Structure formats: structure tokens, C-alpha cells
Amino acid sequence: MDFKIIVDSCCDLTKDLRERFNISTAPLSIDVGDRHFIDDENLDREGLLDAMRNSSDAPKTASPGPGPFLDLYRKYDNIFVVTLSKELSATYQNAMLAKKMILEEAEDKLIKVFNSFSATVGETMIAYKLGELIEAGFNRDEIIEKTEKYVEEMQTLFVLDSLDNLIKAGRMGKLKGKIASFFNIKPVLGATPDGTITLVDKARGSKRAIRKLIEKIGERGENLEEKVLGIAHCNALEKAEYIKGKAAEKYNFREIIIVETAGISTVYANEGGIVLAF
């Protein structure tokens, strides 16, 4: 049976991963001031970062409506979909609405939509898991069961170099954010089981925050020798490589991969941001 993986554009992928697992993407969009960006392969990421630096307003993101999902669903018969946490975006709901609409046209299609309860490289790791299970020849029920278990156990952790977008978006009070910035306090953040964002720890300075981030892998991870560590970065390859090296020394991951943030993840992470999922 041939399977198709579809993701939204918050799933950060390398060209190799996209081609290896034949992944298609439904793009979100971003508005910064009077500039409009489509989060697809033609995105000007540096232009997006520049627009965010020069805007006093929070970037506004919009999920793909049911239309882009419908277009993709019509092309394939056995489909797995990975979306942003439904607590962070309407993308999951739109993917499910498109599923309902397409099944009225073709009842025999398989469409399974996975809420990642995460974002960025968390989605990447779920797509990676699906791809490996498909490559291994598992049937659809086995793939769904194993992927649901993976999603339930997956951990997402991140450290942001800039709190600007969190402050602009109202996720962190201006005074609290300014105090944190003044004292160079870096929060270590993570995803909750229901897919929202929580404070895991904090440290003074980026280097200490990154060390804490690496420590949290050991505190939160289980059976790491069976897992892949995904590291997403926003213009912070040196930092990502450092984390990869330290994680390889301390833990026995089966594999460690690094991806660059695309548009939506760049909005979340901002310049210098690092996101881990495993």
C-alpha cells in the first residue's frame, strides 16, 4: 500500500527529508506590518526576520484553510497528516474539516490527522517516525498505533535568544519581559501534554540556558537509544552543532538531525532560537 505524508509549513524539513519520505506541505501565511509572506519553498526568510526586527507589532500568522488540504487529499488514497498543536493554530481543525469534506466525495480514502501537540521540529520528528514506519513496511493500523504512542511520549524543549515576539504577542508581559532581558535571563520552555507552552527552567545568559536545555534531555527522555533527536535552529547553526555534539557525548540517541526553521517556526523561535524534539 502506498502512503502519503502531508504536513503544514511549521514542520521544518531538509530537502533530503522531504525527498526521502515524499512529504508535501500545506503552507501557512505571515503578516508583519504591511508585508505578507507565504510560508512555502519561495519564502524570503531573511526578509521575514528583517520585517520582524523593524516592526513594533507582533507578526500575525494564518493557518491554511481547508482548500490546500483538499487539493492534496484528492491526489492520494492513503494519507497521514501532521499539524501544529491545535492549541496554537487552527491548522488541525482545517485539516479535519477538509477530511470530512473529502470523505463525502470518496468514502474509501484513508486520512489520519495527527495533532502534534507541538510545533517546528516536533512536527518534523512525527513525520520522520511516519516515514520510517512506512519504509519498514508496517500496515496502516500499526503505523497509526505506533505513531500515536510516539506523539504521546515525545518531548519538545526550546530556548529563545529573543523574547521580542513573545512580548509583542502578549504571551509575556512587557515589564516582565524587559526585566528578563535586562538581567539577561533566558527561559527554557517546553510543550505541555495538551500542546501549550510552559516554563521548564531559566538561566542567566544563553550559554547557561543551553547547558540546562541539554540537561533536560536526560531528565525528560526515556529509551533514548531508540530515538532520533531533532534540533531546529533560526540562524544559529553553531549553537545547534554544539548541542548535537554534547547530546551525542551524554546520550545514546540512534540519530541526531539538524534542520533550519522555516517561516512559521522563525516567527516562534526568532533569530538565535533553538528547538529540540525527541
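Above this note sits the structure.
So, a few notes on the structure that sits alongside this text. Everything numeric here is computed off the predicted structure, so don't read it as measured data.

Observations regarding the overall build of the protein chain
- The secondary structure content of the protein chain amounts to 11 helices and 13 strands.
- Taken along the three principal axes of its C-alpha coordinates, the protein chain extends 60 × 45 × 30 Å.
- Across the 278 residues that make up the protein chain, the buried fraction comes to 52%.
- Contacts in the protein chain between residues at least 24 apart in sequence constitute 73% of all its contacts with a sequence separation of at least 6.
- Surface summary for the protein chain: the accessible area is close to 13500 Å², and the carbon and sulfur share equals 46%.
- Taken together, the 39 basic and 45 acidic charged side chains of the protein chain have centroids lying 7 Å from each other.

Overview of the environment of S29
- Residue position: S29 is located in strand β3 (residues 29-32).
- Given the relative accessible area of 14%, S29 is considered buried.
- Placed 27 residues apart in sequence, S29 and D2 show a C-alpha to C-alpha distance of 30 Å.
- Sequence-distant contacts of S29, defined by excluding residues within four places in its chain, comprise H36, F37, I38, K60, T61, A62 and I264.

Focus: the packing of aromatic side chains
- Applying the stated criterion to the full structure yields 6 aromatic pairs.
- Ring centres 5.4 Å apart and planes at 80 degrees place the aromatic pair F21 and Y128 in the edge-to-face group. One end of the pair, F21, is in the loop between α1 (15-20) and β2 (23-26); the other, Y128, is in helix α5 (residues 121-135), and 107 residues separate them in sequence.
- Ring centres of Y251 and F253 lie 6.3 Å apart, and the angle between their planes is 75 degrees; on these two criteria the pair is classed as edge-to-face. Each member of the pair Y251 and F253 is classed as buried.
- Members of the aromatic cluster, joined through ring pairs, are F3, F80 and F114.
- Geometry around F114 places K112 over its ring, the cationic atom sitting 5.4 Å from the centre.

Quick notes on the sheet that holds strand β5 (residues 60-62)
- Read from one edge of the open sheet, 3 strands run β4-β3-β5, paired in antiparallel fashion. Looking along the sheet, the strands with just one partner apiece sit at the ends: β4 (35-38) and β5. Along the sheet, successive strands turn relative to each other by an average axial angle of 20 degrees, direction set aside.
- Both β3 and β4 contribute to a ladder of 4 bridges, which runs antiparallel. Of the residues in β4, the one forming a bridge with D31 is H36.
- Strands β3 and β4 of the sheet are contacted by helix α2 (residues 45-53), whose axis makes an angle of about 145 degrees with β4.

Some points on the pattern of salt bridges
- For the structure on display, the rule yields 16 salt bridges.
- The partner of R74 in a salt bridge is E105, and the shortest N-O contact between them spans 2.9 Å. Here R74 is found in the loop between α3 (66-73) and β6 (78-83), whereas its partner E105 is found in helix α4 (residues 91-105), with 31 residues between them in sequence.
- A relative accessible area of 51% places E105 in the exposed class.

Observations regarding the nonpolar core
- Formed by 49 residues in total, the largest nonpolar core has its most connected members in V7, F80, M125 and L130.
- V200, A209, L229 and I231 belong to the second largest nonpolar core, which has 24 residues in total.

Re the sheet that holds strand β8 (residues 156-159)
- The strand order β10-β9-β8-β13-β11-β12 describes an open sheet built from 6 strands, whose pairing is mixed. Two strands lie at the open edges of the sheet, namely β10 (197-204) and β12 (255-260), each paired on one side alone. Between one strand axis and the next, the sheet turns by 20 degrees as a mean value, whatever way the strands run.
- Relative to β10, strand β9 (residues 185-191) is paired through 7 bridges, and the arrangement is antiparallel. What sits directly across from K186, in β10, is A203.
- Where helix α10 (residues 237-250) meets the sheet, its contacts fall on β11 (228-233), β12 and β13 (274-277), and the angle it forms with β12 comes to roughly 170 degrees.

About the criteria used
Residues numbered from 1 in each chain as written. Predicted model: local features only at pLDDT ≥ 70, side-chain atom pairs only at ≥ 80, totals over all residues. Heavy atoms only, no water. Helix = DSSP H or I, 4+ residues; strand = E, 2+ residues; numbered from the N terminus. Buried < 20%, exposed > 50% of the residue type's maximum accessible area, 1.4 Å probe, protein only. Contact = heavy atoms within 4.5 Å. Areas by Shrake-Rupley, 256 points an atom, 1.4 Å probe, with all protein chains shown as cover. Lys, Arg positive; Asp, Glu negative; His and termini not counted. Charge placed at Lys NZ, Arg CZ, Asp CG, Glu CD. Phe/Tyr/Trp six-rings, centres within 6.5 Å; stacked < 30°, edge-to-face > 60°. Lys NZ or Arg CZ within 6 Å of the ring centre and 35° of its normal. Pairing = 2+ DSSP bridges. Axes fitted to C-alpha atoms, helices over the stretch in contact; angles between N-to-C directions. Salt bridge = Lys/Arg side-chain N within 4 Å of Asp/Glu carboxyl O. Core = buried A, V, L, I, M, F, W, Y, C linked by side-chain atoms within 4.5 Å.

Note that all results are geometric; they support no functional claim without further evidence.
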